[in-house]
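Per-entry structural report
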Amino acid sequence: MRQEGVWLRGNLHMHTTRSDGRVSVEEAIARYERAGYDFIAVTDHWVRSEKGTTAGGLLLLSGCEYNIGDTVQQGVYHIVGVGMETAPALERTEKSPQRIIDEINAAGGVAILAHPAWSLNSAEDVARLTGLCGTEIYNTTSAVPPNVRPYSGLFVDQLASLGVLLPCMGADDAHRYVHDAAVCAIMVHAREKSHEAVMEALRAGDFYATMGPSVSLTVEGGEAVVACSPAAQVEFYSDAVWNDSRVTQGEGITTARCRLLPFETFVRAEVVDSEGRRAFSSPVRVK
Ligand SMILES: [Zn+2]
Ligand SMILES: [Zn+2]
């Protein structure tokens, strides 16, 4: 892990009573402040929150979740906008995911594809979109009944197999604040703790997703190399259906290697600690 700059813990997807969340904005913010987060974005459906900073120093990024489509046949797209400086020119009658992404970017924000596994998004459809800053690979609230499909790794790999490598984020999407808050975070590597530096790191893809462990993935000399906090298992994912050095198991693993095959075009990694908590790297292009 690099030493310069700071690592900051954040949650970029959460709801309050301004839409379908169960707690007030004040309670939601206090919950993450107590959990020691450095930055959050309150992202109620079609209600944009403003940028700010709490008395305790928690950075509040402007946020909103723009959701469209009721059926998979129509296409369900939930797109989280973070860091908008102005209100995106969007109405609830909007039908186009591309226009949502474009308006978020035009307003100075970044656009994140939320819970693609939950939405049953297809890699082919998302590959046609431009301007996404990243995708959630894990969405905590989707793991809490009656929701299912919190994990979008299969989608990320299918999309990367089409040549579209989206940086991977973790988010709680907290609604009830019971089992769905302060679970899966994004760790960003920023030059300092400020709104501007967090946005720069998001745009640069300088982050990983985690429930606890740390993960850093590099590619060197035909190998993918992971450095991590002490882990029980390290897993490498790519567009190879079989690779015999893909899983490393043990106790207190802090580094693992995967020999890349000649035809692999990308690789990403997941780290599992002894309590089953995961960290997720973004996919890295290897050719
Ligand atoms: Zn959503
Ligand atoms: Zn949401």
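Residues numbered from 1 in each chain as written. Chains lettered and ligands numbered in written order. Predicted model: local features only at pLDDT ≥ 70, side-chain atom pairs only at ≥ 80, totals over all residues.

1. Observations regarding the overall build of the protein
- Helix and strand counts for the protein stand at 6 helices and 17 strands.
- Its C-alpha atoms give the protein a radius of gyration of 18 Å, within 12% of the compact-globule value 19 Å for 287 residues.
- Each principal axis of the C-alpha distribution contributes one length, and for the protein these read about 50 × 45 × 35 Å.
- The 287 residues of the protein split such that 47% are buried.
- Counted over contacts in the protein with a minimum sequence separation of 6, partners at least 24 positions apart contribute 57%. (Helix = DSSP H or I, 4+ residues; strand = E, 2+ residues; numbered from the N terminus. Rg over C-alpha atoms; globule rule 2.2 N^0.38 Å. Buried ≥ 20, exposed ≤ 12 C-beta atoms within 10 Å, placed from the backbone. Contact = placed C-beta atoms within 7 Å.)

2. Focus on the domain arrangement of the protein
- For the protein, the assigned domains read domain 1 (6-209) and domain 2 (215-285).
- Using only C-alpha atoms to locate each centre, domain 1 and domain 2 end up separated by 25 Å.
- Counting from both sides, the interface comprises 14 residues of domain 1 and, opposite them, 10 residues of domain 2.
- Ranked by the residues each element gives to the side of domain 1 that touches domain 2, the list is headed by helix H5 (residues 153-161), at 5 residues.
- By residue class, the composition of the side of domain 1 that touches domain 2 is 9 nonpolar, 4 polar and 1 charged. (Domains from an automatic or database assignment. Nonpolar A, V, L, I, M, F, W, Y, C, P; charged D, E, K, R; others polar.)

3. Points about the environment of Cys258
- Position of Cys258 among the secondary structure elements: in strand E14 (residues 247-259).
- In the structure, Cys258 is positioned 15 residues away from Asn243 in sequence and 8.4 Å away in space, judged by C-alpha atoms.
- Aside from chain neighbours lying at most four places away, what touches Cys258 is Glu223, Ala224, Phe236, Asn243, Ser245, Arg246 and Val267.

4. Focus on helix H6 (residues 195-204)
- Those residues of H6 lying buried are Val198, Met199, Ala201 and Leu202. For H6, the arc enclosing every buried residue in end-on projection is 160 degrees, short of the 170-degree limit, so these residues lie on one face.
- Backbone geometry just after H6 places Gly205 at a positive phi near 70 degrees. (Arc of directions from axis to C-beta.)

5. Regarding the nonpolar core
- Counting 83 residues, the largest nonpolar core has Ile79, Ile112, Val198 and Ala209 as its most contacted members.
- The greatest single-element share of this core, amounting to 7 residues, is contributed by strand E13 (residues 223-238).
- Split by domain, the residues of this core number at least three in each of domain 1 (6-209) and domain 2 (215-285).
- Beyond its immediate chain neighbours, meaning those up to four positions away, Ile112 contacts Leu12, Ile79, Val80, Val82, Cys133, Gly134, Thr135, Glu136 and Met169. (Core = buried A, V, L, I, M, F, W, Y, C linked by C-beta atoms within 7 Å.)

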